[in-house]
Amino acid sequence: MLSGKQEVRVRSDVNYYTARKLEDMARSMERLAKAFDEGMGKESGLTRDDGLAAMETSAAMVCGDCSQCGIYMDSRREDSYYLYYLLRAFEQKGQIEKEDMPKLFQADCRKKEDYLSQLNRSLARATMNLSWKNRFLESRDAVVSQFREMSLILGEFSHQIDQAADVTSEYGYIMKKLFRRCHVAVENMLILEYESGRREAYVTARTTNGRCMTAKDAAGLMGEVVPGTKWNPARDSRSIITRQTGTVRFEEEGEYQLLYGAARVPRQGERYSGDNYTFCESPGSQAMISLCDGMGCGEQAGQESRQVVELTEGLLEAGFGPRAAFKLVNTVLLLAGAEQHPAALDVSCVDLYTGVLDVMKLGAAPTFVLGQEGAEVLEAGQVPAGILNGAEPVMLSRKLWDGDHVIMVTDGVLDALPGEDKEQAMCQYLESMEFMTPQEMAERILEFALSFVPGARDDMTVLTAAIWKKE
């Protein structure tokens, strides 16, 4: 058997080893992304070489040994601008016409139609090849982006393990004593304290009286082990302690809690809203509010925005950071192709332990924070998700205090407000509101926006959240 000090040293060594391995994996992912990223860049249009190849092919198939016009030889000169003119004409009109060709060609060539037909076919083939090449490069860029995001995730996790303090020895004796009093033998334990002060415990135990204890009851004992705290069994942990030895993971509750409200209405004449939203909690005592404004209205837009919301929620619950989750969602939308319309995505994450709000936006309307000093606008203009490869989410942070409210809206709500400064109109209304529940606030804001229009001209959604410090 190892002594208490030896157990702590072994756990510290394991943490150090794990952190270094994760750090090595992160560096390997970054090197792999760099290797993929080297080489060909994306091309925006047909090049000089594409044009020369098309002319050479046309000449070989149509002209034979004729050299009257010399159009190919003239285009090979470095100072020739005519080839670029033909390429731009083809890109603008989709074909080269007789009027685009040199006057000598128009006057002397006996096979104008055949030559132009073959030249247009060759350029069309080059355009198709360029399109496929760029599509491949976009897919490659998406893979590179995922490698880089995985590198960041592993790096963050490595840092988290490095910074986590092992405080098991501080609470080990009292934990064993309290659990033994309830006929539970603690065989091993690990209590970690992270940078924010939040703690997490892994307890390997079994009952000694032939009965079972629920993990929820055991979480109550953890509150006695660490005075002044409340604990919950992790959702992915076992729910019962039995005679068979097993490990239960406990998470310390945050100091704050959120109450939510939502109100929405589809565009006039539509049965379904194109907006979707969700409220959920991710690992680490973090609450998430996500709002997706699908492009367009109706059932199709609603299905697409729901998929984006569900994907974002799944990634955050799986432990991905908000930025990584946003970029991966944008990658999925890009790879979906033309059949997937872009979507504006807005996510607010609140750390329930510290009260810090992180807002991530991709083409979304401003978020409003209502506190004791008035209403504040968190605004970041950006293209919708799925529009540009590598689009960076805009991230904003703010500390929330007891009683603060977070208000998220889609652009249909702001567009309905009077005047040119829509955000200012919303702030003035928020500051004039009396105290009410988040659900009442969401309904009032929606009624306020609808009062300025005869009917909803776009899907309109309002989400509200109030943060309260636990007693």
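See the structure printed just above.
If you're wondering where the values come from, they're calculated on a predicted model, not measured in any experiment.

Caption draft 1: Summary view of the overall build of the chain. Helix and strand content of the chain: 13 helices and 17 strands. Classification of the 471 residues of the chain by burial places 46% in the buried group. Sequence-distant contacts in the chain: of pairs separated by 6 or more residues, those separated by 24 or more amount to 69%.

Caption draft 2: Quick peek at a positive patch on the surface. Together, Lys 176, Lys 177, Arg 180 and Arg 181 give the surface a local cluster of positive charge. Tracing the sequence through the fold places Lys 176 in helix α7 (residues 168-181). Lys 176 sits in the partly exposed class, given a relative accessible area of 34%.

Caption draft 3: Region of interest: the sheet that holds strand β8 (residues 256-265). Pairing within the open sheet is antiparallel, and its five strands lie in the order β8-β17-β16-β13-β14. Of all strands in the sheet, those with a lone pairing partner are β8 and β14 (374-378), marking the two edges. Each strand of the sheet is rotated relative to its neighbour by a mean of 20 degrees, with strand direction disregarded. Of the pairings in the sheet, the one linking strand β13 (residues 367-371) to strand β16 (residues 405-409) comprises four bridges and is antiparallel in character. What sits directly across from Leu 370, in β16, is His 405. Strand contacts of helix α13 (residues 438-450): β8, β13, β16 and β17 (460-469), with the helix running at about 30 degrees to β8, the strand carrying the most contacts.

Caption draft 4: Examining helix α8 (residues 215-225) more closely. Every buried residue of α8 is listed here: Ala 215, Ala 218, Ala 219, Leu 221, Met 222, Gly 223 and Val 225. Those residues of α8 that are buried lie in contact with α7, β3 (199-207), β4 (213-214), β5 (231-233), β6 (240-241) and β7 (246-252).

Caption draft 5: A look at the pattern of salt bridges. Tallied over the full model, the rule gives 10 salt bridges. The partner of Glu 255 in a salt bridge is Lys 469, with the nearest N and O atoms 3.6 Å apart. Note that Glu 255 is positioned in the loop between β7 and β8 and Lys 469 in strand β17, a separation of 214 residues in sequence. You can call Glu 255 partly exposed: its relative accessible area is 36%. Among the ionic contacts, a cluster of salt bridges with common partners joins Glu 193, Arg 199 and Glu 252.

Caption draft 6: View of the environment of Asp 351. You can see Asp 351 is positioned in strand β11 (residues 343-351). Separated by 155 residues in the primary sequence, Asp 351 and Ser 196 have C-alpha atoms spaced 9.8 Å apart. Setting aside residues no more than four positions away along its own chain, Asp 351 makes contact with Ser 285, Gln 286 and Val 356. A polar side-chain atom of Asp 351 sits 2.8 Å from the main-chain amide nitrogen of Tyr 353.

Caption draft 7: Structural view of the sheet that holds strand β1 (residues 165-166). A sheet is described by the order of its strands in space; here five strands give the open sequence β1-β2-β3-β7-β5, paired in antiparallel fashion. With one partner strand each, in any of the chains shown, β1 and β5 form the two edges of the open sheet. With six bridges joining them, β3 and β7 adopt antiparallel strand pairing. In the sheet register, Val 203 faces β7, and the bridge partner there is Val 248. α7 contacts β1, β2 (184-193) and β3 of the sheet and is inclined by roughly 150 degrees relative to β2.

Caption draft 8: Highlighting the environment of Asp 50. Within the secondary structure, Asp 50 sits in helix α2 (residues 48-63). Remark: the alpha-carbon pair of Asp 50 and Leu 130, spanning 80 residues in sequence, is separated by 9.6 Å. Excluding anything up to four places from it in sequence, Asp 50 contacts Leu 123 and Ala 126.

Caption draft 9: Spotlight on the packing of α7 against α8. Interaxial distance between α7 and α8 falls to 10 Å at its minimum, and their mutual angle equals 135 degrees. As summarised for this structure, α7 and α8 are arranged oblique, according to the angle between their axes. In this structure, the crossing between α7 and α8 has a hand that is right-handed. On α8, the residues touching Tyr 171, Ile 174, Met 175, Leu 178 and Phe 179 of α7 are Ala 218, Leu 221, Met 222, Glu 224 and Val 225.

Caption draft 10: Main features of the pairing of β3. Burial of β3 is extensive: seven of the nine residues sit out of reach of the surface. Both β2 and β3 contribute to a ladder of nine bridges, which runs antiparallel. Across the sheet, residue Val 186 finds its bridge partner in β3, namely Ala 205. As consecutive antiparallel partners, β2 and β3 are separated by five residues, and within that stretch Gly 197 has a phi angle of approximately 100 degrees, a positive value.

Caption draft 11: Region of the structure containing the packing of aromatic side chains. This structure, assessed with the given rule, holds five aromatic pairs. An angle of 75 degrees between the planes, with centres 6.1 Å apart, marks the rings of Phe 435 and Trp 468 as edge-to-face. Here the residue Phe 435 occupies a position in the loop between α12 (422-432) and α13, and Trp 468 occupies one in strand β17, the gap between them amounting to 33 residues. Under the relative-accessibility criterion, Trp 468 is labelled partly exposed at 23%. A cation over an aromatic ring shows up here: Lys 399 above the ring of Trp 401, its NZ or CZ 4.0 Å from the ring centre.

Caption draft 12: Just unusual backbone geometry, in detail. Positive phi, normally seen in glycine, also occurs at His 183, with a value near 65 degrees. Topologically, His 183 is positioned in the loop between α7 and β2. Overall, His 183 belongs to the partly exposed group, its relative accessible area being 41%.

Caption draft 13: How the structure looks around the packing of α12 against α13. Where α12 contacts α13, the two axes come as close as 11 Å, and the packing angle between them is 135 degrees. Taken as axis vectors, α12 and α13 run oblique relative to one another. At the point where α12 passes α13, the crossing takes the right-handed sense. Side by side, α12 and α13 meet where Met 426, Tyr 429 and Leu 430 of the first sit next to Arg 444, Ile 445 and Phe 448 of the second. Grouping the amino acids of the contact of α12 with α13 by side-chain chemistry returns five nonpolar, no polar and one charged.

Calculation rules
Residues numbered from 1 in each chain as written. Predicted model: local features only at pLDDT ≥ 70, side-chain atom pairs only at ≥ 80, totals over all residues. Heavy atoms only, no water. Helix = DSSP H or I, 4+ residues; strand = E, 2+ residues; numbered from the N terminus. Buried < 20%, exposed > 50% of the residue type's maximum accessible area, 1.4 Å probe, protein only. Contact = heavy atoms within 4.5 Å. Patch = residues over 30% accessible without salt bridge, like charges linked within 9 Å, V, L, I, M, F, W, Y side chains within 5 Å. Areas by Shrake-Rupley, 256 points an atom, 1.4 Å probe, with all protein chains shown as cover. Salt bridge = Lys/Arg side-chain N within 4 Å of Asp/Glu carboxyl O. Lys, Arg positive; Asp, Glu negative; His and termini not counted. Charge placed at Lys NZ, Arg CZ, Asp CG, Glu CD. Pairing = 2+ DSSP bridges. Axes fitted to C-alpha atoms, helices over the stretch in contact; angles between N-to-C directions. Polar contact = N/O pair within 3.5 Å; in protein donor to acceptor, adjacent residues only side chain to side chain. Parallel < 35°, antiparallel > 145°, perpendicular 65-115°, else oblique. Left-handed = near helix turned anticlockwise from the far one by under 90°. Phe/Tyr/Trp six-rings, centres within 6.5 Å; stacked < 30°, edge-to-face > 60°. Lys NZ or Arg CZ within 6 Å of the ring centre and 35° of its normal. Nonpolar A, V, L, I, M, F, W, Y, C, P; charged D, E, K, R; others polar.

Purely geometric numbers; function is a separate question.
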